[in-house]
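Okay, here's what each chain looks like letter by letter:
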Amino acid sequence: MLYAILCYHDEDVVMSWSKAEDEAVLAKRKRVQKEFIERGKMGPAIRLVPTTGATTLRASGNEQLVLDGPFAETKEQLLGFYLVDCENLDEVVDFAKRMKEGESCTFEIRPVQIFEKGVLPEEVKVAS
Amino acid sequence: MTDLAWIETALTGARPQAMGALLRYFRDLDRAEEAFQEACLRAMKTWPVKGPPRDPAAWLIFVGRNAALDSVRRDSRNTALPPDELISDLGDAEADMAERLDDSHYRDDILRLMFICCHPDLPATQQVALALRIVSGLSVREIANAFLVNEKAMEQRITRAKRRVSEADVPFAAPDAVDRAERLAAVAAMIYLIFNEGYSASGGEVHVREPLCEEAIRLARLLLRLFPAEPEIMGLLALMLLQHARTAARLDAEGNIVLLEDQDRGLWNRDKITEGLALVDKAMRHRKPGPYQVQAAIAALHARAAKPEDTDWQEINLLYQMLERLQPSPIVRLNRAVAVFKLQGAEAALLLVDPLKDRLSGYFYFHGVRGALLMELGRDREAHIAFDKAISLARTPAEAAHIRQHIDRLIAEGKAKAKSA
């Protein structure tokens, strides 16, 4: 079964991490992922650009409204997610626990389905 | 992260909101600061035991306000403070507080706090010092180090700024629409000043002071979250991200300056570039160009080029022309000359540069660019003079060393020519 592990945290807190702290978190997560990568269970890790980069389309009567943001209404923002292939919820919970160790973020685990496979090439340029 | 490290980052994140609210309450910078300090001390004691509160800013405002009121009462009546456990067991009170602190409140508080630091009566250096102290919470020592003055001088600068602010009639009402637009521009300029101080250090041994750049970026993010539909604030944040993304490539292992076209683009920070490009894109949709957006668009064209020869100089030249219309300045003209050099050669560029002599004669980059153009044209003797002038105006050893390389090259080429002749 495919699962998305959604990472939520207060953007203010994450943004005030120093580079060293940020790297320490990523390095620890990488160590946990290693085994999953070797066993072919690890999908892409997606990092979302901060919410200041967001644009929202909303319906307003018959019009499409384009808004800058989500607005800072909630304390926790969706910052990114991992896609993993696990046997069952126990396995993904265990994996997510190890990834989260020592961190104050929140992980939400959601089973996903590939709805459309899409046509993006394997190597998608990040900034094009 | 350890408890304490997490708490410290939470305190940093909550600082502008909490300081803003405390300032609204007490209308006094020193008292607001003391209240915030006290609240932080209690957070350090309480949070590791009870866990972090749901809304750290609301907690700090509530506890800070009570602590300051207690200290006023204690001064007058000499009664003992209630024990920490009582104060920190806020329960519903904190939740109530959070309810009342809606986003619009936060927004005005933070803006007011930033605006006070940008008070028009204060010289720019005091604005920046005050903002770093009050909004960012850097210690006087840290700010003094960043600006290369001694701690005592910086302390005086900040004290003077605070006194001016308290003497001036600072409006505490929520700013109206016109005020807000004006304030926003002043606040944006102050943030960019902080960034530039970090990006291109105005003196001393260190050429780049990253923490100042990062603090400016943090403040711009905060501002953009308060005003998510302001294209110029998107532009400002994008500009700083795109410039800061190059930090790791700007100096070599020996600390020498590496010019944009010689930089190892693999060292550029992709996360910052992605975010910067997204913001430029977003800003452009508004069709309300401003100086920050145009500069960000120029930085974006550099960031998009995988190799220096892929750079779209035509577009950069057009953007500089647009910037000259929005914000005419000899420095913009000087920058445009570099694009003209790439498109039409050194002769055409020199025609743009030479008339700037009177206004830019004291500017390091003017002589550096002029020297490089003259060298390109084979006018070595004049180039040498321009480079000497640049060295005399260099503000950091890295700048001086960079120009010295050009001079060494001139001398080496001169010798080679003499030999082959």
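Each remark here, short or long, concerns the structure printed above.
Now for a look at the structure at hand. Along every chain, residues carry numbers that run from 1 in the direction the sequence is written. Both sets of labels track the order of writing: A upward for chains, 1 upward for ligands. A pLDDT threshold of at least 70 governs which residues receive local features in this predicted model, and a stricter bar of 80 or more applies before side-chain atom pairs are shown or counted, although totals over entire chains, interfaces and linings include all residues. Only hydrogens and water are set aside when side-chain values are computed; all heavy atoms of the structure are taken into account.

A look at the interface of chain B and chain A
- Counting from both sides, the interface comprises 31 residues of chain B and, opposite them, 29 residues of chain A.
- Buried area is understood as the total, over both parts, of accessible area removed when two parts are fitted together, assessed with a 1.4 Å probe. Overall, the association of chain B and chain A removes approximately 2,500 Å² of surface from exposure, summing both partners, and the carbon and sulfur fraction of that is 55%.
- The working definition used for a salt bridge is a side-chain nitrogen of Lys or Arg within 4 Å of a carboxyl oxygen of Asp or Glu. Taken together, the connections running from chain B to chain A amount to three salt bridges.
- The salt bridge partner of Glu 11 of chain A is Arg 225 of chain B, with a shortest N-O separation of 3.6 Å.
- Here a polar contact is recorded for every N or O atom pair within 3.5 Å, except that within protein the pair must consist of a potential hydrogen donor and a potential acceptor, and residues adjacent in sequence are included only if both atoms are side-chain atoms. Counting across the chain B and chain A interface gives four residue pairs in polar contact (both at pLDDT 80 or more). Contacts are assigned to residue pairs that have any heavy atoms within 4.5 Å of one another.

Section: the sheet that holds strand β6 (residues 106-112) of chain A
Residue and element names in this part refer to chain A.
- Strands are labelled as partners when DSSP assigns at least two bridges between them. Working definition: helices are DSSP H or I runs of at least four residues, strands are E runs of at least two. Numbering for both runs from the N terminus. Here four strands make up an open sheet; going across it, the order is β2-β5-β1-β6 and the pairing antiparallel. Edge positions in the open sheet fall to β2 (42-47) and β6, since each of these has one partner strand only. Between one strand axis and the next, the sheet turns by 20 degrees as a mean value, whatever way the strands run.
- Sheet topology note: the strand β1 (residues 2-9)/β6 ladder contains seven bridges and is antiparallel. From the neighbouring strand, Leu 6 faces β6, where its bridge partner is Glu 108. Axis angles are defined between N-to-C directions and span 0 to 180 degrees, where every axis is a line fitted to C-alpha atoms and, for a helix, only to the segment in contact.

Details of the pattern of salt bridges
- One pass over the structure, following the stated rule, counts 30 salt bridges over all chains.
- Here Glu 91 of chain A ties to Arg 39 of chain A by a salt bridge, and the two come within 3.5 Å at their closest N and O atoms. Taken as a pair, Glu 91 of chain A in helix α3 (residues 89-100) and Arg 39 of chain A in the loop between α2 (19-38) and β2 lie far apart in primary sequence, 52 residues in all.
- Linking Asp 30 of chain B and Lys 162 of chain B is a salt bridge whose minimum nitrogen-to-oxygen distance equals 2.9 Å. Remark: Lys 162 of chain B occurs in helix α9 (residues 151-167) and Asp 30 of chain B occurs in helix α2 (residues 29-50); sequence separation between them is 132 residues.

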